[in-house]
Amino acid sequence: MSSGDFPFDINPMYEGERIRREQMFVELAGPQKPGFELVICEEDPENVNDEHVTLIGPDIDEMEEGGVYAYAMIYKVYGKEVEKDLEAVLERRNHEFQSYIQGYMHLNQRSEIWIRISKDLINKGLRSLKQIASATIMLYKSELSFIEKMEAIYITDEEEVLRRMKEAEAIYRARDEKARGLHDEDVEEFYQCTLCQSFAPTNVCVITPDRVALCGAMTWFDARASARIDPEGPNAPIPKGECIDPIGGEYTGVNEAAVRLSGGAYDSIKLHSFFEKPHTSCGCFEVAGFYIPEVDGIGWIHRGSQVSETPIGLPFSTIAASVGGGRQVEGFLGIGIQYFYSEKFIQADGGWRRVVWMASDLKERVIDAIPEEMRDKIATEKDARTIEELKEFLRKADHPVVKGVVRPVDGVKITEGWGGEEVAAEEAGEIFAADESPAPQRITAPPITAPPAPPSARSAPPSAENVLTIPASLTVDLSSLLSVLNALAAATGDMTGQSIKITLKNAEIRIGKIVLQKQQERENRRK
């Protein structure tokens, strides 16, 4: 069998193809319907009916245009060199090979798959999912010569997909649990994965014992097995090199790989950091993390969540679009679900003590990964849908972010907390600007998040110079900062030819995680 036997083009050039809703004939699995893909390696060749395809449920010619259907793809594989440890490796290659088919969009992995078939593909002559299955088998056997026999079972009957999905998820769990006993310091090399670079060309996917692939489908053991059986494939060793930062997880070997794999876009990565030099995010990640500056904490929502919005007002899809494509974005992070179980889970930024919100279906899914003392302190959409509701929940729960997070890995306090903000925010709502006259001019600004200022600092007298003095210790987000400056400009607009000086005493301005230096720090540097 060759590519010429099919009514569609098969070529690696189609990797990364996207099919929009208006181009779509049908959608299979995805956000609206259940689905999964699974590879089972058989020891007995008699258990595999080579190149045979079974379809359970309606075929393409029985589907309605624009419809959405359940979808499962199960492959049985035999080969003398094929071992059980290769199941996850072969399973992940389904994404690669099916992406070669023009007009057939394959996204994600495991029970998160999302398929779309284009109208153009139907017009070219696709009539059955069996044609897709046969083309996929052909690609597997031509690219991986150690596969001697391969059989496919495709399912579109929703009840059958749901029944078999339980079996698949049990297999996934067993694979994941096997990988939890090994840690980064126990090995001499990590592994890269380039499967997603067709649509995320600068992505640097580094798989370590403590950090599963972003897609969740490849553990360190899986990547090692893949590199051994297919040295020219997507997985290759990354020598660790020297450990620069054991807490953040920065290694010279990983930094060198970052330059090479990203084409020079990035030169350093910290594997276990959310804010500083975070891991890049592709487009297949299972979970998206986002910074919530108002509470100095982190929220998480996963692909396929039934929760439509987060406290920052954005759904998973919008957050994913903000960080995906192989970018390194401080304040956003894509991860695989199993990373929640890692002892090094964002340990540079406080680990679970920094997590303030999770989608309820995600929290329930990983509840045994959350330290017992933190389980009731992390809000869901059932507890808080807005920032104000989240603040109130965190105060009542006595969450570490309220008084300041002490990092468990080394006992260092890494945040100051914001528990006393109410009084200071009320006082900071009115900011005084002085002109040359003794009487101050009042400018009204939005409330600014801040802890209380010392009484002696709350009524600084105006000077002969045009000065705006903010004596409190402040954290100002970008929108508030712009409002303050606009109000200041409007109030002083008639002061032609005179200079305006703004002094921030014991203050810091945060834009995401960018912090403008405190006045005292600048003065110390001058000395």
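These lines cover the structure that appears in this document, whether it is placed above or below. It should be emphasised that the depicted structure is a prediction, and the values quoted were computed from it without experimental measurement.

**Brief notes about the pattern of salt bridges**
Across all of its chains, the model carries 29 salt bridges by this definition. Of the charged contacts, one joins Arg21 and Glu27 as a salt bridge, the two residues approaching to 3.9 Å between their closest N and O atoms. Looking at Arg21, the relative accessible area reads 44%, which means it is partly exposed. Residue Glu27 is classed as buried on the basis of its relative accessible area of 0%. Between Lys403 and Asp398 there is a salt bridge; the shortest N-O distance is 3.5 Å. Of the residues examined, Asp398 reaches a relative accessible area of 38% and is grouped as partly exposed. Salt bridges here are not isolated pairs; linked through shared partners, they connect Lys84, Glu87, Glu91 and Arg175.

**Some words on the sheet that holds strand 8 (residues 149–155)**
Sheet strands pair via backbone hydrogen bonds, and the direction of the pair is either parallel or antiparallel. The mixed open sheet is built from 4 strands, whose spatial order is 2-5-8-3. This sheet does not close on itself; its edge strands, each paired only once, are strand 2 (35–41) and strand 3 (53–56). On average, each strand axis in the sheet is inclined to that of its neighbour by 10°, with strand direction left out of account. The sheet contact formed by strand 5 (residues 71–78) and strand 8 spans 7 bridges and is antiparallel.

**Section: the environment of Gly325**
Note that Gly325 resides in the loop between helix 7 (316–323) and strand 16 (332–335). Sequence separation between Gly325 and Gln197 is 128 residues, and the spatial gap between their C-alpha atoms is 8.6 Å. Residue contacts for Gly325: discarding those within four places in its chain leaves Phe199, Ala200, Pro201, Thr202, Ser281 and Cys282.

**Points about the environment of Val406**
Structurally, the position occupied by Val406 is in the loop between helix 10 (400–403) and helix 11 (421–428). On the basis of relative accessible area, Val406 is assigned to the partly exposed category, the value being 32%. Sequence separation between Val406 and Arg353 is 53 residues, and the spatial gap between their C-alpha atoms is 7.9 Å.

What counts and how
- Throughout this document, residue positions are counted from 1 along each chain, in the order its sequence is written.
- At least 70 in pLDDT is required for a residue's local features to be given in this predicted model, at least 80 for side-chain atom pairs to be given and counted, and no such filter applies to totals for whole chains, interfaces and linings, which use all residues.
- The basis for the side-chain values is all heavy atoms of the structure; hydrogens and waters are excluded.
- By definition, a salt bridge exists where a carboxyl oxygen of Asp or Glu is found within 4 Å of a side-chain nitrogen of Lys or Arg.
- The buried label applies to any residue whose accessible area, calculated with a 1.4 Å probe on protein chains only, is under 20% of its type's maximum; exposed applies above 50%, and partly exposed to all values in between.
- For two strands to pair, DSSP has to find at least two bridges joining them.
- Secondary structure counts use DSSP, requiring at least four H or I residues in a row for a helix and at least two E residues in a row for a strand, with both numbered from the N terminus.
- Here the axes come from fitting lines to C-alpha atoms, over the contacting stretch only for helices, and the angles between their N-to-C directions go from 0 to 180 degrees.
- By the convention used here, residues are in contact when the closest approach between their heavy atoms is within 4.5 Å.

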